Amino acid sequence: MRLAADDFYSVLGVKRDASQSEIKKAYYQLAKKYHPDANKAPEAKDKFLKIQEAYDTLSDESKRRSYDQFGTADPTGGMGGGGGPGAGFGGFENMEDILSQMFGGAFGGGMGGAQGRRAGPGRAGGMGGMGGFTSVGEDIEAVATVSFMDAVNGANTTVTITPIVRCDPCSGVGAKKGAKRNTCSVCHGTGQATFTMGGFHVQQSCPQCGGEGWTISPKDQCSSCGGKGRVRERKTVPVTIPAGCDSGMRIRMAGMGDVPIEGDGPAGDLFVRLRVTPSSMFKRKGADVYYAASIPFTTAILGGTVRVPTVDGDVEVKVKPGTQPGDELRLRGKGIRKLNSSVRGDQYLGLRVKLPTQITDKQRELIEQFADEDQGNPGRRSTAEGRSAEPKPDTKADSTSESKDSKDKKESSGFFSRIKKDIEEGLGKKKNEKK
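Report follows, based on the coordinates. Please read these numbers as outputs of a predicted model, since none were measured by experiment.

1. So, the nonpolar core
Inference 1: By size, the foremost hydrophobic cluster in this structure holds 19 residues, and its most contacted members are Leu-12, Val-14, Ile-23, Tyr-27, Ile-51 and Leu-58.
Inference 2: Secondary-structure elements contributing two or more residues to this core are α1 (8-12), α2 (20-34) and α3 (44-58).
Inference 3: For this core, the element with the most residues is α2, which contributes seven residues.
Inference 4: Residue contacts for Leu-12: discarding those within four places in its chain leaves Ile-23, Ala-26, Tyr-27, Leu-30, Ile-51, Ala-54, Tyr-55 and Leu-58.
Inference 5: The next biggest cluster of nonpolar side chains, apart from the first, holds 17 residues, and it includes Ala-142, Ala-144, Val-272 and Leu-274.

Pasting the structure below:
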């Protein structure tokens, strides 16, 4: 039964992007504080149940995704909690985790047939020997820095880690080769000690042998690990970067984390967090790419084609006549491939009109003619020196006037093309002069 509409993250006092280890740590601390056997306050029981419900949801990645998306671990509108015996406390599974943390060991069948230790997302804990529990190693994290284009296309890289591993000389036993192990005098080889708490008979890992059931004398301990059976090992592991990844994404590598400090359980996982260096050319928003393209003002007026870069290489793009500064073109399917998909985003071109800083006298004259016509003064013409020449009254016959009008129309035809041609010729002359 769902107890309250409290935000589970607030109940545990963690952020919404908290890792599993952070969630687990917060849960243990709160559960110890509010467990009914340890806290006799009237509100402690209700508080503990809320903490238990929050942890049951957030510690399961599938339930957590549903909760983040729908506000409940059961998007179909179910009751949200597990059924069956002990469901009010999430079974005895998590209570044993609490007791394990409080008293330093893993608990067995004394708790009424409880399940094994919670093994974390994607891993199932199982019943160990002698009613014990399968221990699971801790997850570790590393950071991989990749370039913008490697994130777009995918790549192979490496990361260096220092996980806890089983000592190789002693195979994780902690004793020298050929050394004799002695049966623990406290648990007599069972690996567990029994005590009573709150009316329950609880089995705890033996404090003398750490649950192993045997001990090693100091003279027989492995010199490489000091009898612990565990060491840290520096290693470099290959990592495959998937195409379409972005900064902040994590790649899970199963079994590459720490091995458990005790027992023969599986190792934790390695999570590689990606850090993508920004591109000096492109800007990225999800799977879409943005690029600022500069075009000549003649191309903006007359139209034409420009060559622009994309993540797949350069392409020719048509520019329509009359393009304005700040106009945007969309290149469909020229963006980044979405992660684990064949669908690609788009590329957006922000057009910047590039104006010449120097022009020839002829270019100036043509531009001034254009300005006169554009402003509705077709009779005005400016000289190369910038002086204005007023038209004189025409005293010739009408036929002569018609002939002159026809000549003006011919001269104005292809006007924009002449501007473009003259500017290109002017730029060509400057290049030749430099040579």
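2. So, the environment of Val-202
Inference 1: If you trace the backbone, Val-202 turns up in strand β6 (residues 200-205).
Inference 2: Separated by ten residues in the primary sequence, Val-202 and Gln-192 place their C-alpha atoms 9.9 Å from one another.

3. Structural notes on helix α8 (residues 361-374)
Inference 1: Here α8 is 14 residues long and its end C-alpha atoms lie 20 Å apart, about the 20 Å a rise of 1.5 Å per residue gives.
Inference 2: Taken together, the buried positions of α8 are occupied by Gln-363, Leu-366, Glu-368, Gln-369 and Asp-372.
Inference 3: The positive-phi residue at the C-terminal boundary of α8 is Gly-376, with phi of around 85°.

4. Describing the sheet that holds strand β17 (residues 347-354)
Inference 1: Taken in spatial order, the four strands line up as β12-β13-β17-β16 in an open sheet, and their pairing is mixed. The strands lining the two open edges of the sheet, one partner per strand, are β12 (283-285) and β16 (328-331). For this sheet the average axis-to-axis angle between neighbouring strands, irrespective of direction, equals 30°.
Inference 2: As judged from the eight bridges shared by strand β13 (residues 288-296) and β17, these two strands associate in the parallel manner. Each residue of the ladder has a partner; that of Tyr-291, found in β17, is Leu-349.

5. Here we look at the sheet that holds strand β10 (residues 250-253)
Inference 1: Here we have three strands laid out as an open sheet, ordered β1-β11-β10, and mixed in their pairing. Of all the strands in the sheet, just β1 (140-146) and β10 have a single pairing partner and so form its edges. Taking each pair of neighbouring strands and ignoring which way they run, the sheet shows an average axis angle of 25°.
Inference 2: Taken together, the four bridges between β10 and strand β11 (residues 270-276) define a ladder with antiparallel strand orientation. Counterpart to Met-253 in the pairing with β11 is Leu-270.

About the cut-offs
- Residues numbered from 1 in each chain as written.
- Predicted model: local features only at pLDDT ≥ 70, side-chain atom pairs only at ≥ 80, totals over all residues.
- Heavy atoms only, no water.
- Core = buried A, V, L, I, M, F, W, Y, C linked by side-chain atoms within 4.5 Å.
- Buried < 20%, exposed > 50% of the residue type's maximum accessible area, 1.4 Å probe, protein only.
- Helix = DSSP H or I, 4+ residues; strand = E, 2+ residues; numbered from the N terminus.
- Contact = heavy atoms within 4.5 Å.
- Expected span 1.5 Å × (residues − 1).
- Pairing = 2+ DSSP bridges.
- Axes fitted to C-alpha atoms, helices over the stretch in contact; angles between N-to-C directions.

Treat this as a map of the structure, not an account of what it does.
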